Amino acid sequence: MTCHLHAKPCDPRRRWRLGAALVLAAACSACLERPATPLHAGEEPATRPAHDASAPALALVLSSGGLRGFAHLGVLKALEAHGVRPDLVVGTSVGALAGALYASGIDGAALERIVADEDFRLGAGWFGPPLGRASLDVHGFVAAHLQRQRIEQFPIGFAAVATDLQRGCLEVFNHGGAAAAVQASSALPGVVEPPRIGGRPYADGGLASPVPVRVARALGAQRVIAVDVTYPPQRSRLEGWSDRLFQLALVMTHALAAQDGSEADVLIRPALPPDDDVTVERRAALIAAGERAALAALPRLRELLAASPRHGSSPPPRLSDDPRHCASPARTGIVSLPQDLVGAREQRGRQLQTDRVGRLQVDDQLDLRRALDRQVGRTRTAQQLVDVAG
């Protein structure tokens, strides 16, 4: 039995077992991965530092979470209906997918219509042939629906978080091709081949930062609303080795999500149905759950928007301040020393150099004295020999 995202719902436990088995098979043979969509020239995404002049006042952070990410659409729809418009959207995995489409200029209601299409089949074919129909990959789906193809052209700022598989750290893409950035942020090793950007393989950003609040702060956000739809591990059923294997990933993701989410000004956690009901066929219910959660959070959102910015006039943190980021000194080995310590070290270095020069000068003088003594000695010996001969 093969689970298709557009077919009749099947036992989710069996779906997870199948997913775990595929991951193990890929780890052993690495030959069953679906190839990543090749990137065209100039499409590679990149990181651009934040500029103070364009610092976003409000950021919306959308988490990873697989099919639970349908709830993001409900949150976007509700916030938009009540006049809450972010200046920046930062997303991981499915959050990057929903965030890119929204930031490119597609409103919440239009997003809901896109996924409500009865032919909606994003991801179909990842676990088997989609019943004779051509599957649509993440890159193709995003590229087909984006209002604008490059991130810097979006009317709303956008950043996708991905994981550098080679170095084991997070990377942020807020410039360049949006479809490629989303593909990097949502690639699943063992199922979809990680795309290579700048020669490096990238995969699901949830491995490094499932709720990237720190990224939003580092990009200058003064206020941050985060939406967490990651799966709570306490709801899992551990009935076999594959369940326990999958639980390892859930526990790690949940720990990271809890840490990240605690740093948001407002955290929205939609009350989603049991995993048995988290299917593409139930996407309307998942969207409604996100909408209800956003409406319940409106009083806190209004207080947030009326209050002074959290960071005030202090400079925002840098991406490299997060030890999980690829540019962090903790990973590069480059440590910035305080200026007073740098000055002390430079002064000590100059003193050592002066002492060394002084020692060389003294040594030179001693060598000269010894040479003269030897020459005088040889002269005296020669004179004595002359006297004896004479």
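An account of the accompanying structure is given in this report. (Residues numbered from 1 in each chain as written. Predicted model: local features only at pLDDT ≥ 70, side-chain atom pairs only at ≥ 80, totals over all residues. Heavy atoms only, no water.)

## Things to note about the pairing of strand β6 (residues 200-204)
- The element β6 is extensively covered by neighbouring structure, given that four of its five residues are classed as buried.
- Two elements, strand β5 (residues 196-197) and β6, share two bridges in a ladder whose sense is antiparallel. By the bridge assignment, Ile-197 is partnered in β6 with Arg-200.
- Hairpin connection between β5 and β6: a loop of two residues separates the two successive antiparallel strands, and Gly-198 in this loop has a positive phi of roughly 65°. (Buried < 20%, exposed > 50% of the residue type's maximum accessible area, 1.4 Å probe, protein only. Helix = DSSP H or I, 4+ residues; strand = E, 2+ residues; numbered from the N terminus. Pairing = 2+ DSSP bridges.)

## Examining the side chain of Ser-93
- Examined against the element boundaries, Ser-93 turns out to sit in the loop between β2 (88-92) and α3 (94-103).
- Excluding residues within four positions of it along the chain, Ser-93 makes contact with Ser-64, Ser-185, Ser-186 and Asp-204. (Contact = heavy atoms within 4.5 Å.)

## Notes on the packing of aromatic side chains
- Applying the stated criterion across every chain, the model contains two aromatic pairs.
- A ring pair is formed by Phe-154 and Phe-158, whose centres lie 6.1 Å apart and whose planes are at 45°; its orientation type is tilted.
- Taking relative accessible area as the criterion, Phe-154 reaches 8% and is therefore assigned buried.
- Here Phe-173 and Tyr-202 contribute two aromatic rings whose centre-to-centre distance is 5.2 Å and whose plane-to-plane angle is 75°, an arrangement assigned as edge-to-face. Here Tyr-202 lies in strand β6 and Phe-173 lies in strand β4 (residues 169-173), a separation of 29 residues in the sequence. Of the two residues examined, Phe-173 and Tyr-202, each falls in the buried class. (Phe/Tyr/Trp six-rings, centres within 6.5 Å; stacked < 30°, edge-to-face > 60°.)

## Focus on the pairing of strand β3 (residues 157-164)
- When you tally the buried positions in β3, you get seven out of eight residues, the bulk of the element.
- In the sheet, β2 pairs with β3 via five bridges, with the strands oriented parallel. Looking at the pairing, Leu-88 lines up with Gly-157 of β3.
- Count of turn residues in the β3/β4 antiparallel hairpin: four residues, of which Gly-168 carries a positive phi of about 70°.
- Two elements, β3 and β6, share three bridges in a ladder whose sense is antiparallel.

## Some points on the packing of helix α2 (residues 70-81) against helix α4 (residues 108-116)
- Packing of α2 against α4 brings their axes to within 8 Å, and their N-to-C directions diverge by 150°. If you check the angle between α2 and α4, you find them roughly antiparallel. Classified by chirality, the crossing of α4 by α2 is left-handed. Where α2 approaches α4, its residues Phe-70, Leu-73, Leu-76, Lys-77 and Glu-80 are matched on the opposing element by Gly-108, Ala-109, Leu-111, Glu-112 and Val-115.
- Of the residues that constitute the contact of α2 with α4, the class distribution is six nonpolar, one polar and three charged. (Axes fitted to C-alpha atoms, helices over the stretch in contact; angles between N-to-C directions. Parallel < 35°, antiparallel > 145°, perpendicular 65-115°, else oblique. Left-handed = near helix turned anticlockwise from the far one by under 90°. Nonpolar A, V, L, I, M, F, W, Y, C, P; charged D, E, K, R; others polar.)

## Remarks on the state of the cysteines
- Following the criterion strictly, the structure yields one disulfide and no others.
- At a sulfur-sulfur separation of 2.1 Å, the disulfide partner of Cys-169 is Cys-326. Measuring handedness by torsion sign, the sulfur bridge of Cys-169 and Cys-326 sits at about 100° and is right-handed. Of the two residues, Cys-169 is situated in strand β4 and Cys-326 in the loop between α9 (283-306) and α10 (329-332); the sequence distance between them amounts to 157 residues. Like Cys-326, Cys-169 is buried. (Disulfide = S-S within 2.5 Å.)

By themselves, these figures tell us nothing about what the structure is for.
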